[in-house]
Every structure is written in C-alpha cells, then in structure tokens.
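For reference, the chains in residue letters:
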Amino acid sequence: MTREEVFKALDEVFEEVFDDASIHVGETTTAKDIEDWDSLEHINLVVAIEKRFSMKFTMGEVTTMKNVGEMVDIILERAQ
Amino acid sequence: MSLTSLNFLVFLIVTGICYYILPKRTQPYCLLVASIAFYCMVGEPWTFIYLFVSIVSVYAGTRLMEWIRKNKPQKQKKLCRIVFVTVLLCNLGILAVLKYTNFMIYNLAYLVKLLHLDISVHTVSWAASLGISYYTLQIVSYLTDVYWEVQRPQHNFFRVALFACFFPQMVSGPISRYSELGVQLEQEHRFSLEQVERGACRILWGFFKKLVISEKLAVIVNAIYADPVGYHGLYIWTAMLLFPIQIYTDFSGCMDIVLGAAECFGIFLPENFRTPFFSRTIQEFWQRWHITLGLWLKDYVMYPILKSNHFVAMGDKLKKKYGRKIGKQIPLYIAMLVLWFCNGIWHGNSWKYIIGVGLWYWFAIIMGQIFEPVSKRMINILHIPTESVVWHIFQSVRTYIVYGIGALFFCATDLRNGAFLIKCGFLEFNPQIFTDGSFLQMGLDGYDLVMLGIMIVFAFVISVLGRNGYVRDKIAAKNPLFGGFIWIMLLVIVLVFGSYGNGYNASSFIYAKF
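Residues numbered from 1 in each chain as written. Chains lettered and ligands numbered in written order. Predicted model: local features only at pLDDT ≥ 70, side-chain atom pairs only at ≥ 80, totals over all residues. Heavy atoms only, no water.

**What about a nonpolar patch on the surface?**
Residues and elements named next belong to chain B. Which entries qualify depends on this criterion: For patch detection, residues must exceed 30% relative accessible area and be free of salt bridges, and they are connected within 9 Å for like charges or within 5 Å for nonpolar side chains (Val, Leu, Ile, Met, Phe, Trp, Tyr). For accessible areas, the Shrake-Rupley method is used with a probe of radius 1.4 Å. Any residue's cover is judged against the shown protein chains and nothing else. What counts as a salt bridge is simple: a side-chain nitrogen of Lys or Arg found within 4 Å of a carboxyl oxygen of Asp or Glu. Numbering of helices and strands runs from the N terminus, with a helix taken as a DSSP run of H or I at least four residues long and a strand as a DSSP run of E at least two residues long. To sort residues, take the accessible area from a 1.4 Å probe on protein chains only and compare it with the maximum for the residue type: under 20% means buried, over 50% means exposed, and anything in between is partly exposed.
A grouping of Ile 370, Phe 371, Val 374, Met 378, Ile 381 and Leu 382 is seen on the molecular surface, where their side chains present a nonpolar patch of about 580 Å² in accessible area. With four residues, helix α16 (residues 372-382) is the largest single contributor of residues to the nonpolar patch. Relative to the elements of secondary structure, Met 378 occurs in helix α16. Classification of Met 378 by relative accessible area gives partly exposed; the value is 44%.

In structure tokens, the structure reads:
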C-alpha cells in the first residue's frame, strides 16, 4: 500500500467518523483542523482506522501521535 | 511549612544558592536532598517509607521490563504485563489502603446495617504520605509509559526518586510526565538572573491570589457554610457563587508559587489552568481546570477502557442493533462515568466528592451532548449569533454556575450536608441582605469588602490580558523601570492587603489535602 493510498483510505474513515464528506486529511492535519475531533472522538477514530487497516495501534501510540502523518507512518510500518 | 510561609521562601533561597553554587552535575542530587528535607519538614518523616516503596517498586519494575525485552523477546508481552500489573497494583494498593480504608469500612458497615445486622465499626487512623495522590499518579504514568514503550526507563535510581518527589510540586502537583519533567531534571542548569526574576514574579502573583483574594473570600464562604440555617436563602447562593473564585485563586495561586519556584531552578512544569472561567461548556471547563489531572485520567483511564476489546465489541454490537450513533455514544458514556468516578474519588474518600466533583459533572456533560441537537435547533430558530460576546458571556456564566453547584459539595461536611446546604438556599428569598449590612457581620468590614471587590476585578483583568500569552512577558517587554514599578506595587498590595503574619495562620491550600 502506498502512502497516497493510505491517505485516500483515511479520508473515507474520517468522513464516516465525523460525518463530513468534505474532510481531506494531509501529513500535518491535527485535531485542531477538524471541528469535531476532540479527546472523546479521538478513540472512535483510532478504532475505526484499526478496523479499516486490520491493524492495532499501541496505547502509547494512541496518546502520543501528533498528526495524521505520524498515523500514516505507523499504518505503513504495520503493513510491512 | 506552608508554601505561603516565610520558612518556605527561606528554604527556597537556601536550596537555590546550593543548587547554583554546587557543580552542575550534582544539581539533581541537591534537589533530591532538598526534596527529602522538605518532606521531613512538612509531612510525617516516617511516612516517607511509603513513597520510598513506590519509587523502588517502579524503578525495579521498569528496569525489569527493559531486561525482559532484551533477554526474553519471545515472552516479553506476557512477562512485561505481569510486571506492569504487579507494580501498578502495589502502588494503587498503597494509595487505596492509606486513603480509602475508612471509606470502605463505612460503606461496608452501611451495607451490613441494611441487612439489619448489628456490628461495631472500627476505623483506622493511618497517616498517608505527603502528596500521595499526586506522586502516585505521576509515578504510575512513568511506569505505564515504559510499559507502552513511549518512555525509555531511567537507569539512575536517584533521578527516578527526584521525579517522584521534586519538592515544589510534591504537595499540590501539577502531575507531570517523565517526558516533560524527568528530562529537565537530568539537564544541567546555568544561573540566569532573568529566569529567577520571572520565577519570583510568578511566586508573588501566587501570593497575591492566595493571601489577598482567596483568604478573604474564605472568611465569607466559611461563615455561611458553617451556619446554613442562620445564613440561609441568598446567603447560600452567594457563597456558592463566591466559592469557585475562592478555590480558583487558592489552587491556581498555589500553582503559580509551585511553577515559579520550579522556574527559579530552570525547570518548567506543565500549566494546570488556562483561564477556565472563560469556558463555554463544562466539558471545556475541565479541559482548562486542573489540566494535568484531566489529561492523566483521559490517557491512563478513559482511553485504555475505550480501546479495550470488550468495549470495541460492545460498540459493534450496539451499532448493529441500535445504529451508529448509539453504538458510539453508550461505550463513551460508560468510560466517561468511570473517568468522572475516578476524578471524584481522587479528590477525597467521601461520597460528597464522588457525587459533587465527579458524577455531577459527568451528568452535566452527558446532558449537554444529548440535548445538543435541540440546543442547536433553538439557536437557529432564535437566530442567536453564537460568536457574539453576549452569547459567550451567557455560556460562561452558565458553565460557572454548573461548576459552582458541584463545588458546593467541596465545602459540605458530607453528601447529606451538601444537600442540606442546597435546601437552605430555598428557605427564604432575602435580597435585603445585600443592602442592610449583613455581610459586614461576617468578619470583613466595608473597607475589606470594597478592596476585595477591586482585587477580584484586578485579577480578572490580568486573566483577560493573559489569555494570549504571559502578562509577565508583556511587562518585561516594556521599560525595565515600568516592570519594576509594577512588581513592587504588587508586593506592596500583598503586604498591605494580604492575610498573613503573627497571630494569623493562612489556611492550607485546598488542593494540598490530597
């Protein structure tokens, strides 16, 4: 899976979780850029991404990921 | 030795002199010796054993996990989990036994009495370690971070010990993470007059909040809550509205002293407050009030629950049966319930904390979320400009009142007394108390009340100015003479209007009881 493909798939997950078809995420996207992405919604997002890519984030990663770019790094690392 | 005492200032200065005179590599050891001395002066020296056991267990646990990962890679997951759970239970067990034994005894006795069985209740009087609720969370966060592999274990035992008991934050927090504080404690720090000045200014600001505002407000609030029958009706609601300001100036003032003292050593602790009274919702309020506790509970309680297989499976089942929204909300509300229960019981071993400082806010947040669509529709129908200042003020006042109702239980002796205080608030509508001089009979004269009002307004204005960066930096950017004048004026205000000195014992900080 290429980085671009991961971003494309992430767009779909974000659109579904936040119920907003206009969302497009990039390397530097953070919770500040998406209105409903708060601490409560964060874990729903993580679980949805785990299901989409059939992988697991560790708890340490869940609490320390700084942006979507880091999220993609982990997804690609797990895919190898 | 209170943080607002002269003894503390002398202790801070002596430690500061030693810290900067001694060779740089000995700085952490200087702070560790000072922290142990501080513990012995403030707490029961023999209770240090509990802290010592916690430090040793966490140090040994983290080193053992490191050894397992290196030498037993195939079994590392299982073995590390055993080590982690053992050390975690050891630390939480010490906290539970020392702080909550009587609470458990009372509740068990109550349950037994419901069965009409006669039993005699024996309570225990075990002294807990100083700051046990703070250092336990802090050290558990380090243990968990090592288990989660986001933190490398520290090999030097004394540095782990210093992280657990760094004296400025020992009594009242903030609850730091090893990645923030531990790393700074390992570094060498050069003396900087500018930095010490900044730290001293922050300490002075903390003194102002505590001695000039909080202590004066406490006179009124304590008088009313001590005699709710005599001071009923609007007295109760006045106290309810004043107490959030009292506890804010008390706790945030304490944090200013703690952060200022740490800054004098070149160490920056995390902020615990971000102008909470400007919050629009109670959820936002708790993201800006006691921030380090909220983040700890979110990262180490709520997220692990929500990400557990059971909760994910429950969410999936609910989604299939009741739809996406319910499937998302129910697990979230249950996890939040656990979080707010923990928040309540962390504040004290009483149902008044569990209900007042925990479940009440959970209920308010849940109601806010459930009724959000209705609220949005009403806003649209009424064409309310949600970005207007007036609407923001309305939302902030509403949040303030919701917080105030829960905080009322802080002052109550127990849950029943808290309910009684609220009941007394409805006994009579007595607006005449604001004009007939009733408030002058509580220990503050007219001059005191006027000055108190002015000081609260002054602190509010500084809070507004400080919303976009530190006021200290703004003052420092001006002419040095102007800066010096401002700080000397603040010192004069503390000396003239503060509650301190011989024959006066400043009550301890409210958040120092934990």
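**Some thoughts on the interface of chain B and chain A**
Inclusion rule: Any two residues whose heavy atoms approach within 4.5 Å are treated as being in contact. Once two parts are joined, some of their accessible surface, as seen by a 1.4 Å probe, is lost; buried area is that loss totalled over both. The term polar contact refers here to a pair of N or O atoms within 3.5 Å; inside protein, the definition further demands a hydrogen-donor-capable atom paired with an acceptor-capable atom, and it admits residues adjacent in sequence only when both atoms are side-chain atoms.
If you look at the interface, chain B gives 19 residues, while chain A gives 23 residues. Summing the contributions of chain B and of chain A, the shared interface buries around 1700 Å²; its carbon and sulfur component is 62%. The interface formed by chain B and chain A contains four salt bridges. Salt-bridge contacts for Lys 307 of chain B lead to Glu 50 of chain A; the nearest nitrogen and oxygen are separated by 2.8 Å. Put simply, chain B and chain A have seven residue pairs in polar contact (both at pLDDT 80 or more) between them. Breaking the side of chain B that touches chain A down by element, the ones donating at least two residues are α11 (282-288), α12 (291-307), α13 (309-322) and α14 (324-347) of chain B.

**Remarks on the domain arrangement of chain B**
All names here are of chain B. So the rule is basically this: Residue ranges for the domains originate in an automatic or database domain assignment. As a working rule, the residues Ala, Val, Leu, Ile, Met, Phe, Trp, Tyr, Cys and Pro are called nonpolar, Asp, Glu, Lys and Arg charged, and the rest polar, with Gly in that last group.
For chain B, the assigned domains read domain 1 (6-191) and domain 2 (276-408). The C-alpha-based centres of domain 1 and domain 2 are spaced at 29 Å. Taking both sides of the interface into account, the surface hidden between domain 1 and domain 2 amounts to around 1400 Å²; carbon and sulfur atoms contribute 64%. Where domain 1 meets domain 2, there are one salt bridge. For the salt bridge of Arg 177 with Asp 299, the shortest nitrogen-to-oxygen distance reads 3.2 Å. Going through the elements one at a time, α4 (76-114) and α5 (132-147) are the ones with two or more residues in the side of domain 1 that touches domain 2. Of all the elements, α5 adds the most residues to the side of domain 1 that touches domain 2, at seven residues. When its residues are assigned to classes, the side of domain 1 that touches domain 2 shows eight nonpolar, four polar and three charged.

**Brief notes about the packing of aromatic side chains**
Quick reminder of the rule: Each pair of aromatic rings taken from Phe, Tyr and Trp, with Trp reduced to its six-membered ring, is defined by centres within 6.5 Å and is described as stacked if the planes are under 30 degrees apart, edge-to-face if over 60, and tilted in the remaining cases. Either the NZ atom of lysine or the CZ atom of arginine qualifies as a charge over a ring when it sits within 6 Å of the ring centre and within 35 degrees of the ring normal.
Throughout the structure, instances matching the rule amount to 56 aromatic pairs over all chains. An aromatic cluster of three or more residues is present, and its members are Tyr 248, Phe 251, Phe 273, Phe 277, Phe 285, Trp 286, Trp 289, Trp 340, Tyr 361, Tyr 400 and Tyr 403 of chain B. Here the guanidinium or amino end of Arg 52 of chain A rests over the ring plane of Phe 53 of chain A, the centre of that ring lying 5.4 Å away.

**Topic: the nonpolar core**
Note the threshold: As used here, the term nonpolar core means buried Ala, Val, Leu, Ile, Met, Phe, Trp, Tyr and Cys residues forming a set that is joined through side-chain atoms within 4.5 Å.
Leu 10, Phe 14, Ile 49 and Phe 57 of chain A together with Phe 208 and Ile 267 of chain B are the most contacted members of the largest nonpolar core, which totals 175 residues. Tallying contributions element by element places helix α10 (residues 234-264) of chain B first for this core, with 19 residues. With sequence-adjacent residues up to four places away left out, Ile 49 of chain A is seen in contact with Leu 10, Val 13, Phe 14, Phe 57, Met 71 and Ile 75 of chain A.

**Quick word on the side chain of Arg 288 of chain B**
Residues and elements named next belong to chain B. Structurally, Arg 288 is set in helix α11. Note on Arg 288: relative accessible area 9%, which makes it buried. In terms of polar contacts, Arg 288 uses its side chain to reach the side chain of Thr 275, at 2.8 Å. In contact with Arg 288, not counting residues within four places along its chain, are Asn 272, Phe 273, Arg 274, Thr 275, Pro 276, Phe 278 and Ser 279.

**Here we look at the packing of helix α1 (residues 6-21) of chain B against helix α2 (residues 27-42) of chain B**
Residue and element names in this part refer to chain B. So the rule is basically this: Note on method: axes are straight lines fitted to C-alpha atoms, helices fitted across the in-contact stretch only, with angles between N-to-C directions ranging 0 to 180 degrees. Angles below 35 degrees are treated as roughly parallel, those above 145 as roughly antiparallel, those between 65 and 115 as roughly perpendicular, and all remaining angles as oblique. If you view the pair so one helix is near and one far, a crossing is left-handed when the near helix is turned anticlockwise from the far one by less than a right angle, and right-handed when it is turned clockwise.
α2 packs onto α1 with a crossing angle of 160° between their chain directions and a minimal axis gap of 9 Å. In terms of their interaxial angle, α1 and α2 are classed as roughly antiparallel. When you trace α1 past α2, the crossing you get is right-handed. Where α1 approaches α2, its residues Phe 8, Phe 11, Thr 15, Cys 18, Tyr 19 and Tyr 20 are matched on the opposing element by Gln 27, Cys 30, Leu 31, Ala 34, Ala 37, Phe 38 and Met 41. In terms of residue class, the contact of α1 with α2 is made up of eleven nonpolar, two polar and no charged.

**Examining the confidence of the model for chain B**
The cut-off we apply is this: pLDDT gives the predictor's per-residue confidence on a scale running from 0 to 100.
Per-residue confidence for chain B gives a mean pLDDT of 91, with 97% of residues at or over 70. Overall fold confidence for the complex sits at a pTM of 0.90, while the interface term, ipTM, reaches 0.83.

**Let's talk about the packing of α12 of chain B against α14 of chain B**
Residue and element names in this part refer to chain B. Where α12 meets α14, the axes come as close as 9 Å, and the angle between the chain directions of the two elements is 140°. Classified by the interaxial angle, the pair formed by α12 and α14 is oblique. Here α12 runs over α14; the crossing is right-handed. Counting all contacts with α12, which are made through Leu 293, Leu 297, Lys 298, Val 301, Met 302, Ile 305 and Leu 306, the residues of α14 involved are Pro 331, Leu 332, Ala 335, Met 336, Val 338, Leu 339, Cys 342, Asn 343, Trp 346 and His 347. Classifying every residue of the contact of α12 with α14 gives 14 nonpolar, two polar and one charged.

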